[in-house]
Amino acid sequence: MNKNFGMPDNAVRSYKCARCGNMFEAEPKVASTCPICGYSCSDNLCNEVDSSDEGY
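Here is a short report on the structure shown in this document. Given the structure is predicted, the values throughout are model-derived calculations rather than measurements.

Notes on the pattern of salt bridges
And then number 1: Going through the model one piece at a time under the given rule, you end up with one salt bridge.
And then number 2: Between Arg13 and Glu48 there is a salt bridge; the shortest N-O distance is 3.5 Å. Of this pair, Arg13 sits in strand β1 (residues 11–16) while Glu48 is found in strand β5 (residues 47–52), placing the two residues 35 residues apart along the sequence.
And then number 3: With relative accessibility at 35%, the residue Arg13 sits in the partly exposed group.
And then number 4: Exposure remark for Glu48: the relative accessible area of 37% places this residue in the partly exposed category.

Quick look at the structure:
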């Protein structure tokens with residue numbers, strides 16, 4: 001089953017870091033750490049956005 005139900009095939013749920021602006025894939029229901037600055041993102045701390053997984 002597609003984990004991105006209702007989203008395009010090339011989209012993934014991502015966080016946009018509130019500290020540095022980096023976008024990285026979000027883990028469902030879990031706080032994720034920004035790989036650039038180490039800020040701990042969760043739903044209430046960083047914006048959740050849909051981003052492409054195509055690498056461009």
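Describing the sheet that holds strand β2 (residues 23–25)
Two modes of strand pairing occur in sheets, parallel and antiparallel, and in both the strands are linked by backbone hydrogen bonds.
And then number 1: Strand order in this open sheet of three strands is β2-β1-β5, and the pairing throughout is antiparallel. What marks the edges here is a single partner per strand, and that holds for β2 and β5. Taken over all neighbouring pairs, the strand axes of this sheet differ in orientation by 45° on average, direction set aside.
And then number 2: The sheet contact formed by β1 and β2 spans three bridges and is antiparallel. Considered in β2, the bridge of Tyr15 is made with Phe24.

Parameters at a glance
- Residues numbered from 1 in each chain as written.
- Predicted model: local features only at pLDDT ≥ 70, side-chain atom pairs only at ≥ 80, totals over all residues.
- Heavy atoms only, no water.
- Salt bridge = Lys/Arg side-chain N within 4 Å of Asp/Glu carboxyl O.
- Helix = DSSP H or I, 4+ residues; strand = E, 2+ residues; numbered from the N terminus.
- Buried < 20%, exposed > 50% of the residue type's maximum accessible area, 1.4 Å probe, protein only.
- Pairing = 2+ DSSP bridges.
- Axes fitted to C-alpha atoms, helices over the stretch in contact; angles between N-to-C directions.

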